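# Architecture at a glance
Each chain, letter by letter, is given below.
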Amino acid sequence: MTPKRRTVWGLWLATFWVFPSAILAQGGLDEYLDTRVAAVRIQPQAAEVPADLESALLAKLPLKPGAILTREDLRDSLQVLYATLRFSQIEAGASASAEGTVITFYTHPNFFIRAVQVEGAPGPPSASQLVNAAKLELGTLFREDEIAGSIERIKTVMRDNGFLQPHVTTSFAYDQSNLLVSVLFTVLRGPRARVGAITVQGNGGFSLPQVQDIAGMHPGDPVTARRLVRAQRRLRKKYEKDKRLEAQVAVLPVVYHVETNTVDYRVELERGPKVDVAVEGASLRRGLVKRYVPIFEEFTVDEDLLNEGRRNIRDHFQSKGYFETTVDVSQKSHPEEDREDVLFTVNRGERHKLRQVTIAGNKYFDRETIRERMQVAPDSLLLYYGRFSQSLLARDVQTIEALYRSNGFLQAKVTGNVETPPDNKHDLHTVI
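In this text the structure is predicted, and so the values were computed from the model without any measurement.

Our focus in this paragraph is the environment of Arg355. Of note, Arg355 is situated in strand β14 (residues 353-358). Linking Arg355 and Ala377, residues 22 residues apart in sequence, is a C-alpha distance of 8.8 Å. A polar contact is formed between the side chain of Arg355 and the side chain of Asp379, at a distance of 3.0 Å.

Encoded structure:
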């Protein structure tokens, strides 16, 4: 007679380190509990487990031949096998033999991603762009149910680059002995679409031919993601030269014509008012104004960006020795002139030197350990006025607090103060 066998537990784990003991407590092994274990086996259902690895795994299991079968040993043995990360599913079965109970673990392997490749990339997009779009990281667990998402992301990149009817297939090469898998995406691209009709909407201030010339985008041009990005950038650049920092630009695909393989686009433009940015009370080069005031980069004028610009301008002058610098910002709109004024008013105060940086209250870390992490610095041959600004001081305070808290001082508090020596109003001391 064939020995009776009963599969008692089948565990599917979404996370390797979760072992549901509730499943292990179910019935199905009652007739085998407290019997003597004759043998323990691992029987793979797909990839072979090398003999030396199987021996090593069996040696680690709490369940041993000759021992009495208990729920605890079986549960712990399952945990040991799952902890190797080699298996996605393990089913435990029991059967009776003349020598006792035979326990068999039926295993289904995990595979890990060794390589991801793309064939048929049109360039653009390049093969590397499509591989990145797949979002399959080398060395991570391979899940075949994630491939559909990878294919759709590859198709999206293809469509953005003018291939409106892409076809993508996949194939897998398994290395059974090393539990690795190579993924190959094959792209059938078809012809690249061309730019069809272009329409312009909004108060942009430019005619259709002007928009096409500025954007560098005309009917008949090949459709690529790079062309669309460049078109929007060139239109924004044009408005920036005209000081229209609140201009809104969008280039949108509207209709795809299958019969002609062309895409119609709509260009939406709102030029907004001219924005004049000026600095009063101190001289500041135009290039530095554009660097410090983020409205030039963000193409919008709001309170947060203006306050960031105010702080950046203040820090600039403080770094030059004007440690008492204050900066105010104001806005004034002139609708009748299609203009908006932004004025930064600077009061630099007197120029100082930072003579000394004092660190007080430190007991756990010595002065050198703290000092090497700070940006504020006293005057020297290379730093004639020292290096100081309120932002640098605040940053140093945060850095020192982080140093203490990362070493277990969770309630550490650091403060920074600037003092003027009574004997010299042009010198400052910083105390932390």
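Moving on, we come to a negative patch on the surface. A cluster of acidic residues, Glu297, Glu298, Asp302, Glu303, Asp304 and Glu308, forms a negative patch on the protein surface. Mapped by element, the contributors of at least two residues to the negative patch are α9 (295-298) and α10 (303-318). In terms of residue count, α10 provides more of the negative patch than any other element does, 3 residues in total. Along the chain, Glu308 turns up in helix α10.

Glancing now at the pairing of strand β13 (residues 339-347). Along β13, the buried face is formed by Glu340, Val342, Phe344 and Val346; none of Arg339, Asp341, Leu343, Thr345 and Asn347, which line the opposite face, is buried. Where strand β11 (residues 274-280) lies against β13, 7 bridges are found, and the strand directions are parallel. Bridged to Val275 within β13 is Glu340. The sheet contact formed by strand β12 (residues 326-334) and β13 spans 9 bridges and is antiparallel. Across the sheet, the residue bridging to His334 is Arg339, located in β13.

Bringing helix α4 (residues 127-134) into the picture now. For α4, the full list of buried residues reads Leu130, Ala133 and Ala134. Buried residues along α4 cover an arc of 105° about the axis, so they all sit on one side. Buried positions along α4 lie against β5 (112-119), α5 (147-160) and β7 (180-188). Just beyond α4, the residue with positive phi is Lys135, at close to 55°.

Thresholds applied
Residues numbered from 1 in each chain as written. Predicted model: local features only at pLDDT ≥ 70, side-chain atom pairs only at ≥ 80, totals over all residues. Heavy atoms only, no water. Helix = DSSP H or I, 4+ residues; strand = E, 2+ residues; numbered from the N terminus. Polar contact = N/O pair within 3.5 Å; in protein donor to acceptor, adjacent residues only side chain to side chain. Patch = residues over 30% accessible without salt bridge, like charges linked within 9 Å, V, L, I, M, F, W, Y side chains within 5 Å. Areas by Shrake-Rupley, 256 points an atom, 1.4 Å probe, with all protein chains shown as cover. Salt bridge = Lys/Arg side-chain N within 4 Å of Asp/Glu carboxyl O. Lys, Arg positive; Asp, Glu negative; His and termini not counted. Charge placed at Lys NZ, Arg CZ, Asp CG, Glu CD. Buried < 20%, exposed > 50% of the residue type's maximum accessible area, 1.4 Å probe, protein only. Pairing = 2+ DSSP bridges. Arc of directions from axis to C-beta. Contact = heavy atoms within 4.5 Å.

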